[in-house]
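This is what each chain is made of:
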Amino acid sequence: MVRFKHRYLLCELVSDDPRCRLSLDDRVLSSLVRDTIARVHGTFGAAACSIGFAVRYLNAYTGIVLLRCRKEFYQLVWSALPFITYLENKGHRYPCFFNTLHVGVETFHKLLTTITHARYNKNMSEVPHSVQQKTAVDLVAELH
């Protein structure tokens, strides 16, 4: 029996405009990453990354994004992220860039890294108290 092996990219969306993070949507972000991969790596990159690519976690308050892709082609996704320079949603265009915080195999480990990063992030005061109180178990339940 063969199973698909995945890699998870933990990224942070950095923007000066706070409306950029609040306008985040997983479908918009997914299409933006796919379009960037097609632009940078061509038809091969778009086809290789179309299977198994997903936005697994998205926090609009902290700008934390967890991307899942297949093991063989994670470097295509990773190398395309620096070419994302804006986020376009609902007719507005916000300048931004992606910071890749971690690349790895296990989802649970990424969530612990996310929680640690969010707690020590300077923007944590902007995060509502209900989001700050989420535990790793709650975040894992969100993914399933």
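Residues numbered from 1 in each chain as written. Predicted model: local features only at pLDDT ≥ 70, side-chain atom pairs only at ≥ 80, totals over all residues. Heavy atoms only, no water.

K.L.:
Got a sec to walk through the nonpolar core? Specific residues and values, please.
P.N.:
The biggest cluster of nonpolar side chains holds 27 residues, and the ones touching the most others in it are Leu13, Val33, Leu67, Val77, Leu81, Leu87 and Phe98. Looking at this core, the elements with two or more residues in it are strand 1 (6–14), helix 2 (26–50), strand 3 (64–70) and helix 3 (74–80). The greatest single-element share of this core, amounting to seven residues, is contributed by helix 2. When neighbours within four sequence positions are excluded, Phe98 is seen to be in contact with Cys11, Glu12, Leu13, Leu29, Val65, Leu81 and Ile84. Of all hydrophobic cores here, the second largest spans five residues; its members include Tyr8, Leu10, Ile64 and Leu66. (Core = buried A, V, L, I, M, F, W, Y, C linked by side-chain atoms within 4.5 Å. Buried < 20%, exposed > 50% of the residue type's maximum accessible area, 1.4 Å probe, protein only. Helix = DSSP H or I, 4+ residues; strand = E, 2+ residues; numbered from the N terminus. Contact = heavy atoms within 4.5 Å.)

K.L.:
Hey, could you go over the sheet that holds strand 1 for me, with residue numbers and the actual values?
P.N.:
Pairing is antiparallel in the open sheet, where four strands are placed in the order 2-3-1-6. Of all the strands in the sheet, just strand 2 (54–59) and strand 6 (97–104) have a single pairing partner and so form its edges. Sheet twist, expressed as the average angle between the axes of neighbouring strands with direction ignored, equals 25°. Strand direction decides the pairing type here: strand 1 and strand 6, joined by seven bridges, are antiparallel. Paired with Tyr8 across the strands is Gly104, a residue of strand 6. Contacts from helix 2 reach strand 2, strand 3 and strand 6, with the element oriented near 130° to strand 2. (Pairing = 2+ DSSP bridges. Axes fitted to C-alpha atoms, helices over the stretch in contact; angles between N-to-C directions.)

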